[in-house]
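# Structural overview for review
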Amino acid sequence: MAVQVELLLDAHAQIGEGPLWDEEQQVLYWVNIMENLLHIYDPATGEDQAMDVGQPVGTVVVRGSGGLMLALQHGFASFDLHTHQVKILADPEAHLPENRFNDGKCDPAGRFWAGTMAIAATKGAGSLYCLDTDLSVRRMLGDISISNGIVWSLDHGTMYYIDSLKADVRAYDFEVQTGNIANERVVCRFTEGMGLPDGMAIDAEGMLWVAQYNGSRVCRWNPHTGQVLETIMLPVSRVTACAFGGADLDTLYITSASQGMSPDDWKKEPHAGGLFACKPGVRGVPTFRFKG
Ligand code: CA
């Protein structure tokens, strides 16, 4: 039986992105990148709160010491959930005003990884950065076009990463102690009609869930064989990211975009930019918090 996908919020977000489950608060954070919005969705009440963070926001993670961390157009920042104060902590691309941060997540040691892209999506203009717990920043990869999904294997020994325009998912040996990555290799290859890989989550069996932009789907991939194990179709083509959440981590939340849609596209996809959810029959794993 096909997995039923439910529309939770008909948000019409321009670029809905960055879903992240907060286990402590039992809420879902997500962002609407170019409209400068951080959202908090509470599945218990169905309420969604949007806050303007003052500049494009690529992703959000939970900060262990309280509040949130954001990857903004102009750097890594902390966010106070009570005062809504945004404080820039590091801006590794102050010299590249046409770039903005996009997707990112924390690694098992609590470092915050996020990558950049040119707002105009110029090929190779972005980089992948790592904000360490002492707030120092390292540039980990260059020649990145659209920095996107990033997750770590269940044994913490492998990092999986997506640069969308490369149309693949790559794996790297990952050293928890230092954060160093090595031995880049392609583990999932995208072919015509599948869309491009965007955001990504990992499940409790170590399989990857990849949001496939312009592919109207989220697929479950086996990174050891490169095979697609399952496909969940959505009523929107611009599928951007996914994250496991809910009390049992058995709900897959899925964000979408509506950028570049014509009036005709809107007739075909009236819920573009919406927030969706489904129960894929497998659980996720808790995400890591920023320890700086
Ligand atoms: Ca993305």
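In case you missed it, the structure is sitting above this.
Since this is a predicted model, take the numbers as computed values, not measurements.

## Some points on the overall build of the chain
- The secondary structure content of the chain amounts to one helix and 24 strands.
- The C-alpha atoms of the chain give a radius of gyration of 17 Å, which matches the 19 Å a tight globule of 292 residues would have.
- The dimensions of the chain, computed from C-alpha atoms along their principal axes, are 45 × 45 × 40 Å.
- Expressed as a percentage of the 292 residues in the chain, the buried residues total 57%.
- Within the structure as shown, the chain displays about 11,800 Å² of accessible surface, and the carbon and sulfur contribution to it stands at 48%.

## Considerations on the pattern of salt bridges
- This model, assessed by the stated rule, comprises 14 salt bridges.
- In this structure, the salt-bridge partner of R111 is D132, at a minimum N-O distance of 3.6 Å. With R111 in the loop between strand 10 (99-106) and strand 11 (112-118) and D132 in the loop between strand 12 (126-131) and strand 13 (137-144), this pair connects stretches of sequence that are 21 residues apart. With respect to class, R111 is no different from D132; both count as buried.
- The salt bridge involving D203 is made with R220; its shortest N-O contact spans 2.8 Å. Residue D203 is located in the loop between strand 18 (196-202) and strand 19 (208-213), and its partner R220 is located in strand 20 (residues 217-222); the two are separated by 17 residues in the primary sequence. You'll find D203 and R220 in the same group, each marked buried.
- Salt bridges sharing partners connect three or more residues here, namely D107, R111, D132 and R138.

## Quick look at the sheet that holds strand 10
- Overall, antiparallel pairing links the four strands, which are arranged 10-11-12-13 in an open sheet. The open sheet terminates on both sides in strands that have one partner only, identified here as strand 10 and strand 13. Neighbour-to-neighbour, the strand axes of the sheet open up by a mean angle of 20 degrees, direction not taken into account.
- Pairing of strand 12 with strand 13, which is carried by five bridges, proceeds in the antiparallel orientation. Across the sheet, the residue bridging to L131 is V137, located in strand 13.

## Details of the environment of A44
- Among the structural elements, A44 can be located in the loop between strand 4 (37-42) and strand 5 (47-52).
- For the pair formed by A44 and Q26, sequence separation is 18 residues and the distance between their alpha carbons is 8.5 Å.

Analysis parameters
- Residues numbered from 1 in each chain as written.
- Predicted model: local features only at pLDDT ≥ 70, side-chain atom pairs only at ≥ 80, totals over all residues.
- Heavy atoms only, no water.
- Helix = DSSP H or I, 4+ residues; strand = E, 2+ residues; numbered from the N terminus.
- Rg over C-alpha atoms; globule rule 2.2 N^0.38 Å.
- Buried < 20%, exposed > 50% of the residue type's maximum accessible area, 1.4 Å probe, protein only.
- Areas by Shrake-Rupley, 256 points an atom, 1.4 Å probe, with all protein chains shown as cover.
- Salt bridge = Lys/Arg side-chain N within 4 Å of Asp/Glu carboxyl O.
- Pairing = 2+ DSSP bridges.
- Axes fitted to C-alpha atoms, helices over the stretch in contact; angles between N-to-C directions.

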